[in-house]
Amino acid sequence: MTLRTALTGVTAGLALALAASTASAQAPVKIGLITTLSGPGGYIGEDIRDGFKLAIKDGKLGGVPVEVIVEDDALKPGQGKQIAEKFMKNDGIKILTGIVFSNVASAVVPDVVDGGAMYVSPNAAPSNFAGKECHKNYFVVSWQNDSLHESAGQNATNLGYKKAFILAPNYPAGKDALTGFKRFFKGEIAGEIYTKLDQTDFAAEMAQIRAANPDVVFQFHPGGLGITFLRQYQQAGLKDKIPMVVAAPSLDATTVSAVGDAADGINASSHWNTDFDNPANKEFMAAWNKSFNRVPTYYASQSYDTALAIGAALKGTGGKVDVDALGAAMRKADFQSVRGKFKFGPNQHPVQDWFAVKAEKGADGKIAIVTKGVILKDHGDAYAAQCKL
Amino acid sequence: MTLVLEQVLNGLQLGVMLFLLAAGLTLVFGVMGVINLAHGSLYMVGAYAAAIVAAKTGSAVLSVLAGLGAAAVIGMIVELGVLRRLYARDHLDQVLATFALILIFNETTTLLFGRKPLFVSVPKMLEGSVELMPGFTYPIYRLAVIGVGLLVAVGLYVLINRTRIGMLVRAGATHRQMVRALGVDIRMIFTLVFGLGALLAGLAGLMAGPILSVQVGMGEQILILTFVVVVIGGIGSVRGALLGALIVGLVDTLLRAFLPGLLRQVMQGPDADALAAGVSSMGVYLLMALVLLVRPRGLFPAHA
Amino acid sequence: MTDAVSLPAPAMRKGAAVGWLAVAVLLAVFPTIADALGQPALVPLVGRILIYGMAAATLNLVLGYGGLVSFGHAAYFGLGGYVAGVMALSARNGDLAFGLFPGTDQLLVALAVAAVMGAVLAAVIGSLSLRTSGVQFIMITLAFAQMVYFLFLSLKAYGGDDGLPMRRRLGIGALDMRDDRVLYFVALTGAVIVFLVIWRITVSRFGRVLSGLRQNEARMQAIGIAPRRYRLVAFILAGAGASMAGVLMANQLRFVSPDMLHWTKSGELMIMVILGGVGTLAGPFLGAAALVGLETVLGAFTERWQLLLGPILLAVVLYTHGGIAGLVTKLVKGRAP
C-alpha cells in the first residue's frame, strides 16, 4: 500500500460517488418514490410503485406533468435516508413518498420535513409522527397503525365472540396491534403471545391456542410471516375449529393467493377492498386489470390514493411546487378516493370508514375477499389529540 | 402432558429441517473447508423449483424430483464455476464470494418468478391430521417430514461409513494428496459431495414449501440457525449435525412454548411476555456460546 | 491470511506521508468540489463512507492484523449508535440514559461514553470468545452480537424494531450540526484520527506482536508472549473504536435502530474489509467507498442493482488477490510481482 495506491483508490471512489447522480433539468414536477423492492418485503414495494404509476395519466397528475423517480431502500433505514438526501439536495425534489416499513420511515421522514420538503405516506405511519411529532409537511394517506387493529377488535365484538386468543410479533407494530385490538374488543383475553419477527415455525403457538380453546383467534403477522401462520393454522387442524379475525395486513391479496384454502372463512377488517362499488374504485380496478396480471393488494390502492392526493394538491397550486401552498391544498383532500369517503384529520392522518370483509370461495372455486359491511364510521386515530398543528 | 408431547414433536420437526440443511453445510465445511453462505440459496432453489413444477403439473412426484434435481444441478454448477477456485483461498475470500452468490441468486429469482410469495399445497395423501393418542392429533405432513429426515440421517450414515464413496470422502478430507496419489479423482468427489449437500438443502426447501412462505430471501432467514447447528454439533460431523439440529429445534420450540408461562408465575403479565420473547429469541445463541465455552470443538467433533 | 499481507514498514516513508497528506487535502476540499458540480448530496454520502470506513478499520485491526475473524462487530457499532440516541433522548426528557447516567447534547461526551461502553462490552465478549479460535471464534462472536441485537429489539422504551429517532443532533460547542459540511468535517476528523491511531498501533511493538501471533503463535509463545492478553487488548480497542463510529453514524442519520446491530451489518463491515484489502491501512476505507458507492450508483441506475453488484464482488474475489488495495498496488507497480 503506497501513496499512489491510496490516491488511485480515493479517486476511483470519488468517481463512483460522482456518477451516483446525474443532474437533469426538465419541466415536469419530480416526485421521489423510495420503497422496498428487494428481499421478502419486495412485493409490497412493487405494488406501491405500480399503484402510484397507475394514477398518472399521460405523464400527468392533477393535470400537471410529473416525473416519478423510484429507488430501492432494501429495507435499510440508512439507505433510505441516503436516497432521500440525494433526491432533495441533488435533484431538488420537494415531494417524497413510497416507504413501506416504519423503521425506514422513522429515519427518513424527520429529515424530509425539516429539509423543507413534504412527505406523503402510502403505507408506513409510526405512531409518534401521528401525535407529538406531527408536522405540517407530513401526510398519511394509508392509516394509523392502531386504528387498523381497533377495527379488528370492534369486528370481533360485533361478530359476538367472547374469548379471544391474540398473537403478534415482538416489535412495536406488533405491540400496537394487540393494544389496538384490546382497546375495542369487549370480551375476555384467553391468551396473549408475542412471536418472533424471524420465526418460521408456529407449531408451539398452535398447540397453545388449542390448549386455551378460545372463541376466536386474532393475529397480526404481515407478509411472509402471515402466510406461514395461516398455512400452519390450517395444517394444525385449527381452521375449522376456531374462527379467526385479522386486520388487513394479515389477509391481503398476496396472502390469499399464497395460502389458498387456508384463508377460507377468515374475517378481516379493511379500509378498502377490490369489490368496493364506487366510480373511483371501478376505474382503478379496470386500469389495474388492464396493466397487471395479479390481484392488487390494499398497498396498491393506498399508493394510488396517495398519487391522487398529490395530484389534487398540484392542481390546487396550479403546478407550483411551493411546499406550504401544496400542504394547504393537500389538506382539502380534494380527490375521489378508491375507498369512497376520505378526509384528513387534525394530524393529517386519515379519517375514514372501516369495513368488515371476509375471505370466501367464489363461484369459480377461487378464494376472494368479499365486503360484508361497515364496522366503524369516520374513524380517526387515538394520537390526533396530542398533535398541535 | 399431551401439550408437552406435541411441543416435543414440533421441536423434532424443526430439528429435522435444520438437520437437512446442516448436513450439507457441515460436509462441505468439513471435507472441502469451504464456508458457503449461499447454502440457503440452494434451499430456496429447491423450494421454488418444486413449487413451480407442482403448480404447472399438479404432480407431487414430479415436483419432488424437480426440487431435488434443480438444487443438486445448480449446486454442482456453482461448485464447478466458482467454489472450486476458492478451496485454496482464505475463508474470508469464500465469505465474500458466496455473499456475492446470494445477491445473484436472490435477484435472479425475482427476475424469473417475481416478488410474490408462491402458493404450495400439501400433497393430497399427506393432508389432515392423525390421532396419535386419544385427544391428541398431529398433522400427517409434519410426521412425514420427521420420517423423511430420520431416513436421510440413516442413509447418510450408511453412505459415509459403509460405502467406498464414503470412504473416499473421509479420506479425501484428511489425506487429500494420498488419495490423489492412489489415482482417485478427488475433484470429482468434491463436486459430488457438494451436489449431495445441495440436494439435501433442496429437499429441506421443497418440504418447507407447504409449511413456510416460499419467497426470495427465505434461505437467509434460516442460514444463521443452520450455522449454529453445525458449530454446536461439531464441524464436519454428520452425526453432530443431526444431534445439534435436534437440540436446537427442541430448545427453540420449548423455550417459546413454555417460558412465558413459567415467567408469568413469578412476574407481571406484560413484563413476563416481553422478557420471555427476548430470552427465547436469544436462547439458541446462548446455548451455542455455552457449548463453545465448554467444548470449543462442538459436542460431537468429526475427528475426536 | 495470505502472504501478500505483510507488516507495514516500521516508519512511514517520506513519499507515502506526502501522499497521505495529499489524500487528506483532497478530502478536505471535497465539499467545495461537490458544490461546484451541483451535487451537494455527495457530501453526506462521502461522510457516511468515512464513518463506515472507520468502523471497518477497527474491525480490520482484529481481523486483518490480529487474524481474529469477528462476526459480531455490529454489536459495538450499534451500541455506539444507541449511546448517541439514548443520551440525546435522556437529555430531552431529563432522565437517566440506560437508567445509569444523565443524558447529554454534546457529541464529545457521547463519544467518550460510547468508547467506555464499547470497551467494556468488548472486554466481556472478548474474554469469553478468545477461549476459542477459527470458525468457532467466528460463531461465538456472532452469538454474543445476536444477544445484544435481541436485547435492543425487545427494549420498547427505545423504540424496539422501529428504532429511535433523534430530534436534534448532538453538537460540539457552537458548531451548526444541521450543516452537512460540518458533519462531514467531523466525520473526516474522526476518520483521520482512526487512521493515524491504527497506523501507530501497527508500527508499535504491540502491533507487531499482534501480527506475529497471527503468523506464528507458537513462536511468539516461545519468546514469552501471552497471546490472549494481546488479542484481548486489540479486541477492546476495536470495540471502543467501532462504538465511537456508531455514535457518529447515529448522529449523522439522526436515527438508530436494531438494523445497526443485525448480523447482516457485521457481515457488511466484514465485506468492506475483504473487498478493500485485509490487513492494509487504506483497505477498509476503500472497501467502504466501493460498497456504499456501488450500492448508490447501481441503485440509481436500476432496481435490479443486486444483479450487478453480485458479479462485481465475485470478480473482485476471483481475479484480485488482496481486494481493491491489492489490485491497485498491482496496477501501480505494473506487472512486476
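(A) Representation of the overall build of chain B in the model. In terms of helices and strands, chain B carries 11 helices and two strands. The C-alpha radius of gyration of chain B comes to 20 Å, within 12% of the 19 Å expected for a compact globule of 304 residues. Projected onto its principal axes, the C-alpha coordinates of chain B cover approximately 65 × 50 × 35 Å. Out of the 304 residues belonging to chain B, those deemed buried represent 57%. In chain B, the share of contacts with a sequence separation of at least 24, taken over all contacts with a separation of at least 6, comes to 77%. When the 19 basic and 12 acidic side-chain charges of chain B are each reduced to a single mean position, those positions are 12 Å apart.

(B) Main features of the packing of helix H2 (residues 42–54) of chain A against helix H11 (residues 279–291) of chain A. Residue and element names in this part refer to chain A. With their axes 11 Å apart at the nearest point, H2 and H11 run at an angle of 115° to one another. In this structure, the crossing between H2 and H11 has a hand that is right-handed. When H2 is examined against H11, the residues Asp47, Asp50, Gly51 and Leu54 are found in contact with a partner set consisting of Phe284, Ala287, Trp288 and Ser291. The residue makeup of the contact of H2 with H11, split by class, is four nonpolar, two polar and two charged.

(C) A look at the sheet that holds strand S2 (residues 60–61) of chain A. Residue and element names in this part refer to chain A. Read across the sheet, six strands follow the order S2-S3-S1-S4-S5-S6 without closing on themselves; strand pairing throughout is mixed. Across the chains shown, the open sheet's two edge strands, defined by having one partner strand only, are S2 and strand S6 (138–140). Where H2 meets the sheet, it contacts strand S1 (29–35), S2, strand S3 (64–72) and strand S4 (95–97), and its direction lies at approximately 160° from that of S1.

(D) Representation of the packing of aromatic side chains in the model. Scanning all chains against the criterion turns up 33 aromatic pairs over all chains. Between Phe284 of chain A and Trp288 of chain A, the aromatic rings sit 6.0 Å apart at their centres with planes inclined by 45°, giving tilted as the arrangement. In this pair, Phe284 of chain A and Trp288 of chain A both sit in helix H11, four residues apart, roughly one turn of the helix. By relative accessible area, which is 0% here, Phe284 of chain A ends up buried. Aromatic rings pair up to connect Trp272, Phe284, Trp288, Phe292 and Tyr304 of chain A into one cluster. Arg294 of chain A extends its terminal NZ or CZ atom over the ring of Phe292 of chain A, reaching a point 5.1 Å from the ring centre. One cation-aromatic arrangement involves Arg200 of chain C over Trp199 of chain C; the distance from NZ or CZ to the ring centre is 5.7 Å.

(E) How the structure looks around the side chain of Ser129 of chain C. Following the sequence through the fold, Ser129 of chain C ends up in helix H5 (residues 107–129). In this view, Ser129 of chain C contacts Phe137, Ile140, Thr141 and Phe144 of chain C; residues no more than four positions away in its chain are not counted.

(F) Looking closely at the pairing of strand S9 (residues 216–219) of chain A. Residues and elements named next belong to chain A. Neither face of S9 is exposed, since Val216 and Phe218 on one face and Val217 and Gln219 on the opposite face are all buried. Bridge count between S9 and strand S10 (residues 244–247): two bridges; the pairing is parallel. The partner of Val217 across the bridge, within S10, is Met244. Running through helix H9 (residues 223–235), the crossover from S9 to the neighbouring parallel element S10 is right-handed.

Definitions and limits used
Residues numbered from 1 in each chain as written. Chains lettered and ligands numbered in written order. Predicted model: local features only at pLDDT ≥ 70, side-chain atom pairs only at ≥ 80, totals over all residues. Heavy atoms only, no water. Helix = DSSP H or I, 4+ residues; strand = E, 2+ residues; numbered from the N terminus. Rg over C-alpha atoms; globule rule 2.2 N^0.38 Å. Buried < 20%, exposed > 50% of the residue type's maximum accessible area, 1.4 Å probe, protein only. Contact = heavy atoms within 4.5 Å. Lys, Arg positive; Asp, Glu negative; His and termini not counted. Charge placed at Lys NZ, Arg CZ, Asp CG, Glu CD. Axes fitted to C-alpha atoms, helices over the stretch in contact; angles between N-to-C directions. Left-handed = near helix turned anticlockwise from the far one by under 90°. Nonpolar A, V, L, I, M, F, W, Y, C, P; charged D, E, K, R; others polar. Pairing = 2+ DSSP bridges. Phe/Tyr/Trp six-rings, centres within 6.5 Å; stacked < 30°, edge-to-face > 60°. Lys NZ or Arg CZ within 6 Å of the ring centre and 35° of its normal. Right-handed = clockwise from strand over helix to strand, strands pointing away.

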